[in-house]
Amino acid sequence: MKVIASISEMTRFSEAIRKKDQSIAFVPTMGFLHAGHLALMTKAKECADHLVVSIFVNPAQFGPNEDFSTYPRALEKDLEKCREIGASAIFTPSDDQMYPSGYETYVTLERLPFHLCGLSRPDFFRGVATVVTKLFNIVRPHTAVFGEKDFQQLTVIRRLVKDLNLDIDIVGVPIVREPDGLAMSSRNKYLSETQRPHALLLHRCLEAAENSVKQGETDPGNILAQATDILAAGPEDMRVDYLSVCDPDTLEAVAVIQEKTLMAMAVWLGKTRLIDNRLLVP
Ligand code: AMP
């Protein structure tokens, strides 16, 4: 497994693979890898001859008061996990290489960022779309694999690949959860022992919503009220960022649950922001 820090070396590595008529599947991550990331890598390995993983905590997607400097990092352990899974290369560029002095070009979308996470994180999807476009140009994959845990991010990437005519297959992987249902996330590390059980309330909201819809509930207002009731059992420092019942393609709120509908949520537990989602199928 090659550990590559330089952009030009990464591109040379990929070009050599392409010249041999072999394929590359790419998994972009911010590191501190857990079983969710490993599921993406396993899927990617099934899709191509070579797996390339990037580990880059992208400063452009963090707001000024967010956790860029404290985001958990564990490069050596991450490399070990990638080695075990059989990755061909790990790309670990520096901030300065990705955003050298004078950098001023960003990729923005007109509509998708103005929903869900984008409402409280106004620059987040600009940062994500920019770094993913740059990584695609550097790594030159045939396939790229993303988690449904970040459903809006996956929607944004699918849109940008289509809109910019990028010749890359985008593959989504279902959310990997802890045995008790909490969606795995690098940020779960921030949760204290007393906060950890309360984090389960998100999963409980989604399960309740799923059951209600299965039993014939079609009114998003009732689904949202049920979730609000469930979250009311949480501690004082639990605060809803958003709860949404929306169209999974446009992310716009729906008036009636008639077909596959996304329930998505973000909740603050103290200083930790947790997200989760589920597709509700009537
Ligand atoms: P991150 O390192 O948090 O930027 O995530 C890198 C990739 O892993 C993204 O495509 C995420 O959606 C995906 N991912 C993170 N957590 C999970 C999870 N619990 N299940 C599935 N995919 C995940």
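Treat the numbers as computed from the prediction; the structure is a model and nothing was measured. (Residues numbered from 1 in each chain as written. Predicted model: local features only at pLDDT ≥ 70, side-chain atom pairs only at ≥ 80, totals over all residues. Heavy atoms only, no water.)

**So, the sheet that holds strand β6 (residues 169-173)**
Going by this rule: Here, strands pair whenever DSSP counts at least two bridges between them. Counting from the N terminus, the helices are DSSP H or I runs at least four residues long and the strands are E runs at least two residues long. Fitted lines through C-alpha atoms give the axes, limited to the stretch in contact for helices. The angle between two N-to-C directions lies from 0 to 180 degrees.
Taken in spatial order, the six strands make up an open sheet running β1-β4-β3-β2-β5-β6, and their pairing is parallel. The sheet is open, and its two borders are formed by β1 (2-4) and β6, each paired with just one other strand. Ignoring strand direction, the axes of neighbouring strands in this sheet form an average angle of 25 degrees. Where strand β2 (residues 24-29) lies against strand β5 (residues 143-147), two bridges are found, and the strand directions are parallel.

**Re the domain arrangement of the protein chain**
Rule in force here: Domain limits in this description derive from either an automatic procedure or a database domain assignment. In this analysis, two residues are considered to be in contact whenever any of their non-hydrogen atoms come within 4.5 Å of each other. The term buried area refers to how much accessible surface (probe radius 1.4 Å) is lost by two components on association, counted for both of them together. Salt bridges are identified by distance alone: a Lys or Arg side-chain nitrogen within 4 Å of an Asp or Glu carboxyl oxygen. Between N or O atoms, a polar contact is any pair within 3.5 Å; within protein, one atom must be a potential hydrogen donor and the other a potential acceptor, and residues adjacent in sequence are included only when both atoms are from side chains. Think of it as three bins: nonpolar holds Ala, Val, Leu, Ile, Met, Phe, Trp, Tyr, Cys and Pro, charged holds Asp, Glu, Lys and Arg, and polar takes everything else, Gly as well.
Along its sequence, the protein chain is organised into domain 1 (2-173) and domain 2 (186-276). Its C-alpha centre places domain 1 at a distance of 26 Å from the equivalent point of domain 2. Of the residues lining the interface, 20 residues belong to domain 1; the matching set on domain 2 comes to 17 residues. Buried area between domain 1 and domain 2, both sides added, is near 1,600 Å², and the carbon and sulfur share of it is 62%. By the criterion of area lost to domain 2, the three top residues of domain 1 are H115, L116 and F151, representing 32% of everything that side buries. At the junction of domain 1 with domain 2, the criterion picks out one salt bridge. With a closest N to O distance of 2.8 Å, D67 and R187 form a salt bridge. Viewed at the interface, domain 2 and domain 1 are joined by six residue pairs in polar contact (both at pLDDT 80 or more). Within the residue set of the side of domain 1 that touches domain 2, elements represented by two or more residues are α5 (117-120) and α7 (151-163). Top element by residues in the side of domain 1 that touches domain 2 is α7. It accounts for three residues. Its residues assigned to classes, the side of domain 1 that touches domain 2 shows eight nonpolar, eight polar and four charged.

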